[in-house]
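Spelled out, the chains give:
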Amino acid sequence: MMKRYDHPELIERLTADYLTGGMNPAARRRFETLMQDRPAVLLAMQRWRRKLDDGLLGEDAPAGVWTAVQQRLAGAASTAAASAPAPRGWAKRTWQGLALGMGVLAASLLMSLVAVLQEPGPPPPAAAQMAALLQGPDGHAAVITVHQDRLVLTAVGAVAVPSGKSYELWMLPEHGKPQAVGVVHLRTAETLRLPVPALEALTQAKGFAISVEPAGGSPTGQPTGPITYQGKVVAMSNYQPPQPQILRGQGGGGFYE
Amino acid sequence: MPDLEKLLAYTALADQQAFAALYQATQRRAWAICLRLLRDPSAAEDAMQDAYVKLWHQAASYRPAQGTAEAWLNTVVRNTCLDKLRALGREPVESMDAMDTPLDPADAAPGPEQLLERSMSHGTLERCFGALKPQQRELLTQTYVMGHSHRELASRSGMALGTIKTVIRRAVIALRECLGEGVAS
C-alpha cells in the first residue's frame, strides 16, 4: 500500500514549499528528516533545486572574485601568521580524523566541537593518539582524546547528573569486558589518568561508553546501569601505551595545570 | 549540493580545500545576491570578496541550532553587501515593484508579448521561467535567491501573508505544468 509520503504529487509540493520559504522552522526540520529517510524525497529536492538554480540564479561569479579572495587571505596569513588564531596542529588532525565519514548530525556536532576547540585555553598537551565521539541523549555528545596515559573528555552540552547517581566512563575493548576508566561529570572538559587495566587494553579499544551508576561508580567493576553515551574510536595513530608507572584507581584533574 | 555544515566545520579549522569547495558550492547564489543588491558588477565583486574573507574568519561562529548552514552563509553575504551599499552612500534599492502588481487569477493566459518572447527563447527552462508573471518571478527570487521567508516578505511589502503564499504556490504550479516531465527528469 502506498504510504502518505510516497505520493509524487505531495513530495513535489512539499519540496517546492521547502525551497521557496513556505515552511516554518519546525516543518523544515521534519522535511529534512524526511529527506534523510526517503531517497525519493531527496531526489525530488535535488531536481527542483537544479531547475530553480538554472532559472533564477544566473551566471557564475566572475573568476576574479575567487582569485582576489585567495590573495587577500594569503596576504593576511603572511602578515599575521604569528598572531593568527589558527587551529592547533594536533587538534586539527584529531578532529579531521574524527569527522571522516560522519553524517549530518555528526557534522553538526563537529561544528560545536570547533567552537569548544577554539575557545581560549591553556597550551595544548602532547598529540592525541586516539579520539572518539560519543553520542548521548537529546543531541548531547562528548569527545574523548587519549594522550599517553591521560584521557580528556569534553562534553558538548552539559547534562545534570541524576540525583544519587554518578556517570562512569568505560573503555570497550575488541575482546573481553568493559574496562572502567573513571567517574565523569560531563561538564566541559575533564582529564582522567587511565587506570592500569584500561591502559593495558587500550590498543584493543573499539569504543567508549558512559553508564549511570550508583554514586561513586559501579560497585561491581562492570556497568550496572543504563548506557547513556556511546561511540566508536574513530582515530588512532599507532598508539603505544606508556610503560606503566601508574597509580591504580581513578585519575582526573590537573592535566592542564 | 555538498554538506555545507561539514565544509564550514573544516573551514573553521583552516582547511583551504574545504573552503574552496564551500566557495564552489555557494558562489553562484552569492553572486546573484550581491549583484541584485548592489546593481553594479564592480561593487558586487568587491562585496563578494569581503563576504568570503569574512566567511573564512567567522566560520567557527556558525551554530547549527540557529538554522541551516546555507541560510547562515546567505545572511553573511547579504549583510556584507548591504554594508557595502551603505559604505557607498547608497540605500538598499532592492526592487519590490513587481510585487505591487495585483494578483489577477484570470490573468493566467499569456499575452501576445509573452507568446512572442516564448517563441524566441531557447530551451524549456528559459521559456518556463520567462513565462512567469513579474510578480511571481519577483517573489520566487526573493524567497529562493535572497532567502527571505514568506513572513518577511509580507512584512516588507505590506502584502498579506496569504497572498504571498498564493502567488508563490501558483508560480510553482505554473513551473511544474510548463516543465512537465522536465521537473521529474
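Chain B is annotated in an unreviewed UniProt entry as Putative RNA polymerase sigma factor from Thiomonas delicata. In the Sequence similarities (unreviewed entry) part of its UniProt record, chain B is described as follows: "Belongs to the sigma-70 factor family. ECF subfamily."

Per an unreviewed UniProt entry, the recorded name for chain A is Anti-sigma K factor RskA C-terminal domain-containing protein, and the organism is Thiomonas delicata.

Helices and strands together make up the secondary structure of chain A, namely 7 helices and 8 strands. Looking at chain A as a whole, 33% of its 257 residues qualify as buried. Considering only contacts in chain A between residues 6 or more positions apart, those separated by 24 or more positions represent 65%.

When its secondary structure is counted, chain B shows 10 helices and 0 strands. Starting at the N terminus, the α and β elements of chain B follow one another as α-α-α-α-α-α-α-α-α-α. For chain B, the residues scored as buried account for 42% of the 185 residues in total. Long-range contacts, defined here as pairs at least 24 residues apart, represent 64% of the contacts in chain B between residues at least 6 apart.

What follows concerns unusual backbone geometry. Despite not being glycine, Leu186(A) shows a phi value in the positive range, around 55 degrees. With respect to the helices, strands and loops of the structure, Leu186(A) is situated in the loop between β5 (179-184) and β6 (189-193). Look at Leu186(A) and you get buried, because 23 C-beta atoms sit within 10 Å. For Arg39(B), which is not glycine, the phi dihedral falls at a positive 55 degrees.

Each side of the interface is counted separately: chain A has 41 residues, and chain B has 42 residues. When residues of the side of chain A that touches chain B are traced back to their parent elements, those giving at least two are α1 (8-19), α3 (39-57), α4 (63-80), α5 (89-99) and α6 (104-118) of chain A. Ranked by residue count, the leading element in the side of chain A that touches chain B is α3(A), at 10 residues. By residue class, the composition of the side of chain A that touches chain B is 23 nonpolar, 9 polar and 9 charged.

Time to look at the pairing of strand β3 (residues 150-156) of chain A. Residues and elements named next belong to chain A. Note: strand β2 (residues 141-147) against β3, 7 bridges, orientation antiparallel. Across the sheet, residue Thr145 finds its bridge partner in β3, namely Val152. Linking β2 to β3, which pair antiparallel, is a turn of 2 residues; within it Gln148 sits at a positive phi near 55 degrees. For β3 and β6, the ladder comprises 5 bridges, and the chain directions are antiparallel. Each residue of the ladder has a partner; that of Thr154, found in β6, is Ala189.

In terms of nonpolar packing, the biggest core is built from 39 residues, with Leu8(B), Cys34(B) and Met48(B) touching the most fellow members. Residue assignment for this core shows that the elements contributing at least two residues are α4 of chain A together with α1 (4-12), α2 (16-38), α3 (41-58) and α4 (69-87) of chain B. If near-sequence neighbours (up to four positions away) are discounted, Cys34(B) is found in contact with Ala44(B), Ala47(B), Met48(B), Val77(B) and Cys81(B). Met130(A), Ala155(A), Trp170(A) and Ala198(A) belong to the second-largest nonpolar core, a separate cluster that totals 35 residues.

Rules and cut-offs
- Residues numbered from 1 in each chain as written.
- Chains lettered and ligands numbered in written order.
- Predicted model: local features only at pLDDT ≥ 70, side-chain atom pairs only at ≥ 80, totals over all residues.
- UniProt positions renumbered as here; feature names shortened; annotations may be inferred.
- Helix = DSSP H or I, 4+ residues; strand = E, 2+ residues; numbered from the N terminus.
- Buried ≥ 20, exposed ≤ 12 C-beta atoms within 10 Å, placed from the backbone.
- Contact = placed C-beta atoms within 7 Å.
- Nonpolar A, V, L, I, M, F, W, Y, C, P; charged D, E, K, R; others polar.
- Pairing = 2+ DSSP bridges.
- Core = buried A, V, L, I, M, F, W, Y, C linked by C-beta atoms within 7 Å.

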